[in-house]
Amino acid sequence: MPARISALTGRSSFICAQCRKALTAPKRRRLLSTSPKTPEIYDVVTVGGGPAGLALLAALKSSPVTSHLKTALIEIQDLTKPRQWSSPGDQFSNRASSFTPSSVSFLETTGSWAHVDQTRIQAYDEMQVWDAANDASIQFDWNAETQKYNAPPQTIATMCENANLTRGLLERIVELGAGSSLFSSTSVSSIENGVDDPEGLNLSTWPVLSLESQSQPHSQSQSAGQPPSDTPNPTPTNIAARLLVGADGFNSPVRAFAGINSSGWDYNRHGVVATLTLQPADSNTATDRTHDFDLFSSEPLPNRATAYQRFLPQLGGPIAILPLPHDRASMVWSTTPANAAYLKSLPPSAQVAMINAALRLSQTDLKYLLSLPAHSHSDSAKTDTDADTDANVQHETELRWRLEHTDSAPADLTRQQPPPFVTGIQENSLASFPLRFRHATSLINPRVALIGDAAHTIHPLAGQGLNLGLADAKSLAECIAYSVSHGMDVGDAMALERYSSARFGRGLMMAGGVDVLNSLYQLGSGGDGMLASVVGQARGLGMKVVNQLVPGLKGLIMRQAS
Amino acid sequence: MRATTTPSSLTRLLALPPPLRTRTFSVLSRPPPNYPGHIPLTILERLSLAAGSAIGSLAKPYRHDLIASLGETTAKPYFLSRLHRAMLNNPTGRRILRDRPRITSKSMKLEELRQMPENSVGRAYAAWLDREGVTPDTRDAVRYIDDPEEAYVMQRYRETHDFTHAITGLPVIIEGELAVKAFEFANTLLPMTALSLVAIVRLKKVERQRFLEVYMPWAIRNGLKAEEVINVYWEEELETDVEVLRARLGIEKPPDLRDIRKALREQKRRQKAEREGSGAGAG
């Protein structure tokens, strides 16, 4: 700025801008008052009410170090619905995730796990992985360690519905008295840097969010009867965040505001999910999966439940069957968009036949089954000629014939349990979502941190996506606690470095590792030629090596994934 | 839950670790057969049978049982599975695998076939069998393939080999057999068909030249462009016109080998008669 000839001194001299303001404007001292246009300042503002965002809020509020922080969680949907979620005991949501022991322990420490409905979760102790291109298989379990001490089986992971977790987190947040931090049915219309108020605060480096309430007026009056800690305050229009946390999913506006790029690729695959009913296992381990273990018996203790994953390179990806209580299971089948559309167009009985086929038949048979004309079940209700009935059951008859001639128990002696038979599929539970791989180029910016899907999206084949988000939330909560207990500004870039250095590398390695695994299992998917066959056999050899040959390798892999 | 057999310490020393081990049983404890007539073989047995069959069938090409065992021992691990998959990918092939028809003298009654319309596949088949003096029963049963369905595929290949002869018109002499084998290699990729082409060394010079100039190029060209002949449901095609079937499959008819040979013999006889006539005239 050029110098201004001062009327007071009468000679030209350079006065800097701040001093000029100080000299010309009368200073009025203001304590604890903000001008009307100063936005309300929050310590931690989390945008996004998914599992990661809610877990972060619960962690902050449950720790005595950080519970005094002024927090806000902005969620565009109405959070009363997830809070009131309930489902009959034999029906399970098709969005269920596998929680590693670290995630569960984080949720237990913050007190949220107690609010998760324990009758709707299923811990499993073993995972069988095999490949349609060869006869190798890998069993992941902790038997090698637990059998040494005759200990009960150690959990590999726990299946829990996402809605169950969300409800538990919300209940915990309300229990901690932080219900007023929840701004549900609120959208963020813009995020900008604040203004530098000459008489007040300099918020030019602080994110300021403009909020818009989406809820109807009458629903706000309904909340009048609730206790004060429950009632959300009337939505302010502008809030400033000391630390803005982006937990707002794949297309994160917070990430866009921070100017952080997210790179990756679309897999050109869809994940088809459904809730299935399985045929019960043998009667002696049957329905009660929570029976007490007899620690003094010399028999190996049975696993509570088993997860199965079969790789189908020529069909686009693996099919995974993850156990739920009462002989139910959650299925995630990663396959091409065309196959996903085909599966969705089939009647339920044909869908069940296709899933059973995917677990047992050769890829040639599967490709043939996927080429059969799909008979929509709405047509079958109206006309019932023999031709229609035949067309309706052609998947089942084909499956039955091929099962007689398919060797489902290969020579590999290490495979103990054949995959389960699927007997039914829950109505309207078959859905699909696109699979993508993205990772943000940085997890932090000054006053911004990213957790969950905003930071990274990965392939579901290892069941790690949600766990990465929870691990991020845990790490960020610890980072904030460290900053608070050391008198630092929680949003300062140097303070956030602690979080980034803990999580960036680990998240990227996990995402990259899962991607490499996916690529590995897509090799030899080009056709039935000799090269594809050789590649498949080579991969099978590698699987056998991992399963048996190198003693600690499997344990190492399982420790990384837990 | 380890494997129940406990090998001696020497074999344990020499054996590869379980994931890399390839042998699944010993000759003293053969597993039960998977279908009637099945004989499971160890790797060493398979390799030695393949080598012995190759040498034996080259020495005596009429030993059809050696050619059969050569085919079975060399068809795995990949080639027979590929042929099996080719059948499963095709709707007609799948029907054949479901119905599992067998071609024997009982199922293919020659008297009925001879009555079929002129130029039909059945009539051509019967005519070819009569011309060459063979019957459908000369095919051996498959014994050394472990999977029952793949064993059926091999059996079906063997039993329909004569149909390939019939619609191409190639005779049962070595030259004709080699032409059909070359065609089958380009069409089915079974290693035995390629290995039997080594028998070219047994042909006379003239025959070999003719084979390499005319019949081998025909076989490769047509075998590659034709549809998979294993997927033809011959029992249903008996009344189809041969030309129509050939056109559908994409096979050209090769020059009639017997006619060529007969013409050559006639020519030689005439030349010899002329030489003797002129010699007698001159002398």
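Keep in mind the model is a prediction, meaning the values are calculated, not measured.

Analysis parameters
Residues numbered from 1 in each chain as written. Chains lettered and ligands numbered in written order. Predicted model: local features only at pLDDT ≥ 70, side-chain atom pairs only at ≥ 80, totals over all residues. Heavy atoms only, no water. Helix = DSSP H or I, 4+ residues; strand = E, 2+ residues; numbered from the N terminus. Buried < 20%, exposed > 50% of the residue type's maximum accessible area, 1.4 Å probe, protein only. Contact = heavy atoms within 4.5 Å. Areas by Shrake-Rupley, 256 points an atom, 1.4 Å probe, with all protein chains shown as cover. Patch = residues over 30% accessible without salt bridge, like charges linked within 9 Å, V, L, I, M, F, W, Y side chains within 5 Å. Salt bridge = Lys/Arg side-chain N within 4 Å of Asp/Glu carboxyl O. Pairing = 2+ DSSP bridges. Axes fitted to C-alpha atoms, helices over the stretch in contact; angles between N-to-C directions. Phe/Tyr/Trp six-rings, centres within 6.5 Å; stacked < 30°, edge-to-face > 60°. 1 Å grid on protein atoms, 1.4 Å probe; cavity = no way out; pocket = protein on both sides within 12 Å on 5 of 7 lines; lining within 4 Å. Points joined across faces, edges and corners; volume = space filled by probe spheres on them. Nonpolar A, V, L, I, M, F, W, Y, C, P; charged D, E, K, R; others polar. Core = buried A, V, L, I, M, F, W, Y, C linked by side-chain atoms within 4.5 Å. Disulfide = S-S within 2.5 Å. Lys, Arg positive; Asp, Glu negative; His and termini not counted. Charge placed at Lys NZ, Arg CZ, Asp CG, Glu CD. Expected span 1.5 Å × (residues − 1). Bend = angle between axes of the 7 residues up to and from the residue. UniProt positions renumbered as here; feature names shortened; annotations may be inferred. Arc of directions from axis to C-beta. pLDDT = per-residue confidence, 0-100. Polar contact = N/O pair within 3.5 Å; in protein donor to acceptor, adjacent residues only side chain to side chain.

Caption draft 1: Looking closely at the overall build of chain B. Check the secondary structure of chain B and you find 13 helices and 0 strands. What you see in chain B, going N to C, is helices and strands ordered as α-α-α-α-α-α-α-α-α-α-α-α-α. Expressed as a percentage of its 283 residues, the buried residues of chain B come to 43%. Taking the intrachain contacts of chain B between residues at least 6 apart in sequence as the baseline, contacts between residues at least 24 apart amount to 71%. For chain B, the accessible surface area stands at approximately 15,200 Å², while carbon and sulfur atoms represent 58% of it.

Caption draft 2: Summary view of the overall build of chain A. On a plain count of helices and strands, chain A comes out with 17 helices and 20 strands. When the 562 residues of chain A are sorted by exposure, 49% land in the buried category. For chain A, restricting intrachain contacts to residue pairs at least 6 apart in sequence, the fraction spanning at least 24 positions comes to 77%. Counting every atom, chain A has about 26,500 Å² of accessible surface; 55% of that belongs to carbon and sulfur.

Caption draft 3: Structural view of a nonpolar patch on the surface. Residues Leu-517, Leu-520 and Leu-523 of chain A make up a contiguous nonpolar surface patch of roughly 230 Å² in combined accessible area. Among the residues examined, Leu-523 of chain A registers a relative accessible area of 44% and is labelled partly exposed.

Caption draft 4: Quick peek at the sheet that holds strand β7 (residues 157–161) of chain A. Residues and elements named next belong to chain A. Spatial strand order, β3-β7-β4: 3 strands in an open sheet with antiparallel pairing. The two strands at the open ends of the sheet, each matched to only one other strand, are β3 (96–99) and β4 (122–124). Ignoring which end each strand starts from, the neighbouring axes of this sheet average 25 degrees apart.

Caption draft 5: Quick peek at the packing of aromatic side chains. Inspection of every chain in the model, using the stated rule, returns 9 aromatic pairs over all chains. Ring geometry for Trp-130 of chain A versus Tyr-308 of chain A: centroids 6.4 Å apart, planes at 90 degrees, classification edge-to-face. Placement of Trp-130 of chain A in strand β5 (residues 126–131) and of Tyr-308 of chain A in strand β13 (residues 306–312) is noted, with a sequence separation of 178 residues between them. Ring centres of Tyr-125 of chain B and Phe-163 of chain B lie 4.0 Å apart, and the angle between their planes is 10 degrees; on these two criteria the pair is classed as stacked. Highlighted residues: Tyr-125 of chain B in helix α7 (residues 121–132) and Phe-163 of chain B in helix α8 (residues 148–168), separated in sequence by 38 residues. The two residues Tyr-125 of chain B and Phe-163 of chain B agree in class, both being buried.

Caption draft 6: Region of interest: the pattern of salt bridges. Per the stated rule, a full pass over the model turns up 38 salt bridges over all chains. In this structure, the salt-bridge partner of Arg-172 of chain A is Glu-175 of chain A, at a minimum N-O distance of 2.5 Å. On the criterion of helical spacing, the pair formed by Arg-172 of chain A and Glu-175 of chain A is a turn pair, its members being 3 residues apart in helix α6 (residues 162–175). Accessibility expressed as a relative area gives 14% for Arg-172 of chain A, which makes it buried. Across the salt bridge formed by Arg-94 of chain B and Asp-365 of chain A, the nearest N and O atoms sit 3.1 Å from each other. Placement of Arg-94 of chain B in helix α5 (residues 91–99) and of Asp-365 of chain A in helix α11 (residues 363–371) is noted, with the two residues assigned to different chains. Overall, the relative accessible area of 1% leaves Asp-365 of chain A in the buried class.

Caption draft 7: Region of the structure containing empty space enclosed by the protein. Residues and elements named next belong to chain B. Applying the stated rule across the entire model yields 4 cavities of 30 Å³ or more. Of the volumes computed, that of the largest cavity is approximately 70 Å³. Surrounding the largest cavity, Tyr-157, Thr-160, His-161, Thr-164, Phe-183, Glu-184, Asn-187, Thr-188, Val-229 and Ile-230 form its lining. Secondary-structure elements contributing two or more residues to the lining of the largest cavity are α8 and α9 (174–188). Its residues assigned to classes, the lining of the largest cavity shows 4 nonpolar, 5 polar and 1 charged.

Caption draft 8: Focus on the nonpolar core. Formed by 62 residues in total, the largest nonpolar core has its most connected members in Val-45, Leu-209, Leu-244, Ile-451 and Leu-476 of chain A. No other element matches helix α2 (residues 51–62) of chain A, which puts 8 residues into this core. Ile-451 of chain A has contacts with Ala-52, Gly-53, Leu-56, Val-245, Gly-246, Ala-247, Asp-472, Ala-473, Leu-476 and Tyr-499 of chain A, leaving out every residue within four places of it along the chain. Ranked by size, the runner-up nonpolar core spans 38 residues in total, among them Ala-199, Phe-211, Trp-218 and Leu-249 of chain B.

Caption draft 9: Looking closely at the state of the cysteines. All names here are of chain A. If you walk through the whole model with that rule in mind, you get 0 disulfides over all chains. Among the cysteines around Cys-19, which has no disulfide bond, Cys-16 carries the closest sulfur, lying 3.4 Å off. Given the relative accessible area of 41%, Cys-19 is considered partly exposed.

Caption draft 10: Quick peek at a positive patch on the surface. All names here are of chain B. On the surface, a cluster of positive charge is contributed by Lys-204, Lys-262, Arg-265 and Lys-268. Residue position: Lys-204 is located in the loop between α10 (191–195) and α11 (205–225). For Lys-204, a relative accessible area of 60% corresponds to the exposed category.

Caption draft 11: Quick look at α8 of chain B. Residue and element names in this part refer to chain B. With 21 residues, α8 extends 30 Å between its outermost C-alpha atoms, agreeing within 8% with the 30 Å of an ideal straight helix rising 1.5 Å per residue. The sharpest bend along α8 measures roughly 35 degrees and falls at Thr-160. Positive phi appears at Gly-169, one or two residues downstream of α8, with a value of about 80 degrees.

Caption draft 12: View of the pairing of strand β6 (residues 137–141) of chain A. Residues and elements named next belong to chain A. Extensive coverage of β6 is indicated by the burial of 5 of its 5 residues. Residues Ser-137, Gln-139 and Asp-141 point to one face of β6 and Ile-138 and Phe-140 to the other, with burial holding for every one of them. Here 5 bridges tie β5 to β6, and the two strands are oriented antiparallel to one another. Within β6, the residue paired with Glu-126 across the bridge is Asp-141. If you look at the hairpin formed by β5 and β6, you'll find 5 residues sitting between the two strands.

Caption draft 13: Spotlight on the UniProt feature "domain: FAD-binding" (unreviewed entry) in chain A. UniProt annotation of "domain: FAD-binding" (unreviewed entry) refers to residues 426–502 of chain A when read in the numbering used here. This span, residues 426–502 of chain A, is 40% helix and 22% strand, and a straight line between its end C-alpha atoms measures 41 Å.

Caption draft 14: Representation of helix α9 (residues 337–345) of chain A in the model. Of the positions making up α9 of chain A, those classed as buried are Asn-339, Ala-340, Tyr-342 and Leu-343 of chain A. Mapping the buried residues of α9 of chain A onto a view down its axis gives an arc of 160 degrees, with all of them on the same face.

Caption draft 15: Up close: the confidence of the model for chain B. Of all residues in chain B, 90% have pLDDT values of 70 or greater, and the mean over the chain is 87. Under a pLDDT of 50 for its full length, residues 1–7 of chain B has, in the predicted model, 3 contacts with residues more than four places off or in other chains.

Caption draft 16: Main features of the side chain of Glu-398 of chain A. Along the chain, Glu-398 of chain A falls in helix α13 (residues 386–405). A residue is classified by how much of its surface remains accessible, and Glu-398 of chain A, at 8% relative accessible area, is buried. Engagement of the side chain of Glu-398 of chain A in a polar contact is seen with the side chain of Arg-98 of chain B, the distance being 3.0 Å. If near-sequence neighbours (up to four positions away) are discounted, Glu-398 of chain A is found in contact with Tyr-368 and Leu-369 of chain A together with Arg-94 and Arg-98 of chain B.

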